[in-house]
Amino acid sequence: DLVAGFYDKNLKHYAKGKLLDLGCGQVPLFAAYRDLVTDNICADWVNTRHKNEHVDLECDLTTTLPFENEEFDTIILSDVLEHIPHPDFLFKEMTRILSIGGKILLNVPFFYCLHERPYDYYRFTEFALQRFVKNSGLKLILLEPIGGTPEIVADIFAKHLQFIPLIGKGLAIIIQYMTKIFVRTSLGKKISKKTSEAFPFGYFLIVEK
């Protein structure tokens, strides 16, 4: 919900033209951008565990992407960069296929469990993300932490509780729901925002070519 909220808020302002959903998985953001763009391609690599009928193209995200220069006006890279062994190269490839004035919207986890093993390589700080942007010659539009300590603690508890027989999944849902309600209060918002500076659950980034 945290990640989806950031995309829902920003896609309506920045998504346009031809969109590439890179590393799309089960295409969870499709409903959020389908009416904002003129065309879209959903691409994913063969190593993903989220194979589905919505993928238009399978390609290796660690090598040269099979797209023309400046082909896309919008690129989405959601929960993907941590799985790329050479992220600098992917940033340069995204820059190559992005049109002038085009936008890249991406998010990465930070305090988060290992996933998609063994293809989980990195956790990026805000400073590493800024470095990727600068080295690719892109312009930084937005860089914000996603959640803080309350969200991290809830996520850890939920992921452990779910393995308790019979009641685990229910308890995990309750923990997440209670945390969602808490961070909507004035105190919860303050704690989440303050702690996100040193303990970010993840990051959301928008850049322009």
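The coordinates are above.
Everything quoted here is computed from the prediction, not taken from an experiment.

A.B. asks: Would you mind going over helix 7 (residues 186–195) with me for this structure?
C.D. replies: Helical geometry note: an α-helix holds 3.6 residues per turn, so side chains three or four residues apart project in the same direction. Among the residues making up helix 7, those that are buried are G188, S192 and T195. Within helix 7, the buried residues cover an arc of 80° as seen down the axis, which keeps them to one side. Facing away from the buried side of helix 7 by more than 90 degrees, the exposed set consists of S186, K189, K190, K193 and K194. Buried residues along helix 7 sit in contact with helix 5 (149–161) and helix 6 (168–182).

A.B. asks: Explain the side chain of E93 here, please?
C.D. replies: Turning to its location among the elements, E93 is positioned in helix 3 (residues 87–97). Among the polar contacts listed, one links the side chain of E93 to the backbone nitrogen of L65, at a separation of 2.8 Å. For E93, the contacting residues outside a window of four places in its chain are T63, T64 and L65.

A.B. asks: Which parts of the structure should I look at to understand the sheet that holds strand 4 (residues 72–78)?
C.D. replies: Strand pairing in a sheet relies on backbone hydrogen bonds, with the paired strands running either antiparallel or parallel. Read from one edge to the other, the open sheet built from seven strands follows the order 3-2-1-4-5-7-6, with strand pairing classed as mixed. In this open sheet, the two strands that pair with only one neighbour each are strand 3 (57–58) and strand 6 (139–146). Sitting on the sheet, helix 1 (residues 2–14) is in contact with strand 4, strand 5 (98–109), strand 6 and strand 7 (202–208), with an inclination near 170° to strand 5. Running over the sheet, helix 4 (residues 126–135) touches strand 5, strand 6 and strand 7 and is turned about 160° from strand 6.

A.B. asks: Help me out: how do you make sense of the nonpolar core in this one?
C.D. replies: Across soluble globular proteins, nonpolar side chains show a tendency to be buried alongside one another. Among the nonpolar cores identified, the biggest contains 32 residues, and L20, L22, I75, L81 and F91 are the most heavily contacted of them. For L81, the residues in contact, after removing those within four places along its chain, are P87, L90, F91, V108, F124, L129 and F132. Core analysis: the second largest hydrophobic core is formed by 17 residues, F6, Y7, A15 and L29 among them.

A.B. asks: How should I be thinking about the state of the cysteines in this particular structure?
C.D. replies: One way to say it: the disulfide is the covalent bond shared by the sulfur atoms of two cysteines. Under the defined criterion, the tally for this structure stands at zero disulfides. This cysteine, C24, is not joined by any disulfide, and C42 carries the nearest cysteine sulfur, 4.8 Å off. A relative accessible area of 5% means that C24 is categorised as buried.

About the criteria used
Residues numbered from 1 in each chain as written. Predicted model: local features only at pLDDT ≥ 70, side-chain atom pairs only at ≥ 80, totals over all residues. Heavy atoms only, no water. Buried < 20%, exposed > 50% of the residue type's maximum accessible area, 1.4 Å probe, protein only. Helix = DSSP H or I, 4+ residues; strand = E, 2+ residues; numbered from the N terminus. Arc of directions from axis to C-beta. Contact = heavy atoms within 4.5 Å. Polar contact = N/O pair within 3.5 Å; in protein donor to acceptor, adjacent residues only side chain to side chain. Pairing = 2+ DSSP bridges. Axes fitted to C-alpha atoms, helices over the stretch in contact; angles between N-to-C directions. Core = buried A, V, L, I, M, F, W, Y, C linked by side-chain atoms within 4.5 Å. Disulfide = S-S within 2.5 Å.

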